Amino acid sequence: MAKYQLSHLEELEAESIFVLREVAAQFENPVLLFSGGKDSIVCYHLARKAFFPANVPFPLMHVDTGHNFDELYQFRDELMEETNGRLVIASVQKSIDEGKVVEEKGINASRNKLQTTTLLDGIEEHKFDCAIGGARRDEEKARAKERFFSHRDDFGQWDPKNQRPELWNLFNGKKHFGEHFRVFPISNWTEMDIWQYILKENIKIPSLYFSHQRDCFVRDGVVMAKTDFIQTKPNEEIKQMQVRFRTIGDATCTGATISDADSLDKIIEEVAASRVTERGGRADDKRSEAAMEDRKKEGYF
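The structure contained in this document is the topic of the report that follows. Every value quoted in this text rests on a predicted model; they were computed, and no experiment measured them.

### Describing the overall build of the protein chain
Item 1. Scanning the protein chain from terminus to terminus reveals 8 helices and 10 strands.
Item 2. Here the C-alpha radius of gyration of the protein chain, 19 Å, is about what a compact globule of 301 residues would show, namely 19 Å.
Item 3. Expressed as lengths along the three principal axes of its C-alpha atoms, the size of the protein chain is roughly 60 × 55 × 40 Å.
Item 4. Relative to its 301 residues, the protein chain shows a buried fraction of 53%.
Item 5. Across the protein chain, contacts joining residues at least 24 apart in sequence account for 72% of those joining residues at least 6 apart.
Item 6. Total accessible area on the protein chain stands at roughly 14900 Å², and carbon and sulfur atoms take up 50% of it.
Item 7. If the 43 positive side-chain charges of the protein chain are averaged to one point and the 52 negative ones to another, these points end up 3 Å apart.

### Let's talk about the pattern of salt bridges
Item 1. A complete count under the given rule lists 17 salt bridges for this structure.
Item 2. Between glutamate 146 and arginine 152 there is a salt bridge; the shortest N-O distance is 3.3 Å. Side by side, glutamate 146 and arginine 152 carry an identical accessibility label, which is buried.
Item 3. Note that lysine 200 is salt-bridged to glutamate 201, the shortest N-O span being 2.9 Å.
Item 4. Residue lysine 200 is classed as partly exposed on the basis of its relative accessible area of 42%.
Item 5. A single network of salt bridges, built from pairs that share partners, joins Glu13, Lys49, Lys200 and Glu201.

Cut-offs applied
Residues numbered from 1 in each chain as written. Predicted model: local features only at pLDDT ≥ 70, side-chain atom pairs only at ≥ 80, totals over all residues. Heavy atoms only, no water. Helix = DSSP H or I, 4+ residues; strand = E, 2+ residues; numbered from the N terminus. Rg over C-alpha atoms; globule rule 2.2 N^0.38 Å. Buried < 20%, exposed > 50% of the residue type's maximum accessible area, 1.4 Å probe, protein only. Contact = heavy atoms within 4.5 Å. Areas by Shrake-Rupley, 256 points an atom, 1.4 Å probe, with all protein chains shown as cover. Lys, Arg positive; Asp, Glu negative; His and termini not counted. Charge placed at Lys NZ, Arg CZ, Asp CG, Glu CD. Salt bridge = Lys/Arg side-chain N within 4 Å of Asp/Glu carboxyl O.

Dropping the structure here:
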């Protein structure tokens, strides 16, 4: 009898589904953090497979800066309707209105960092004891330090030097009152794995990921989409460019890529040839050498 050999995508899928089922078994009130980007879309797809034919047993939460692309909001709402998903929206604008955070001013102002307070408030308000995220270890060096089950103290903070061992895929979700976990089921995936899986599973993604014409300008070597949320400098020329986005976040800090990749096959070819990480165009990561790690220690995603 021939022995069936799993492909590398099937192995990754099986590992992620195992982690998601462990979350359902160990935690009372988990939530899936959903940005509308490709990684959170894949996490949601995996969760739907993990618990099929039942609905996903936990809600999704979008930490909304209010400065996202219109295409993302449309995609998010259509996906929830099509899949009977339960969506919780944590609003950065609400945090600003309540005086919990102060909005940045000036040319380089962004709401991206303000998401930390909104995220922690959302977890506290809904009493979530586990937040599932779509972070991958190949994205950024701070994320490479994360375990699958990443403990957060009662202030929502992360201590990378005090993480629990995960030998033989044994995950320890024990915690004290007020603490919670962040769980990253696609930790071992790469950007290429994500795109190949999206192609294999025929997963819907926002049109922003495909090449399209858009009003853009260049700032500090990064192509930025012109939106109502961004002030341009007098020397920044706005012109139509053929671009796509490799990562999607707050429009004020998400760079575009000059590209003619208008299909999944072309995107995969482009990613294979690229020598720049997908977060290479994220302005928020460029604010300091340890920007991401500092924010994670404060309670960020």
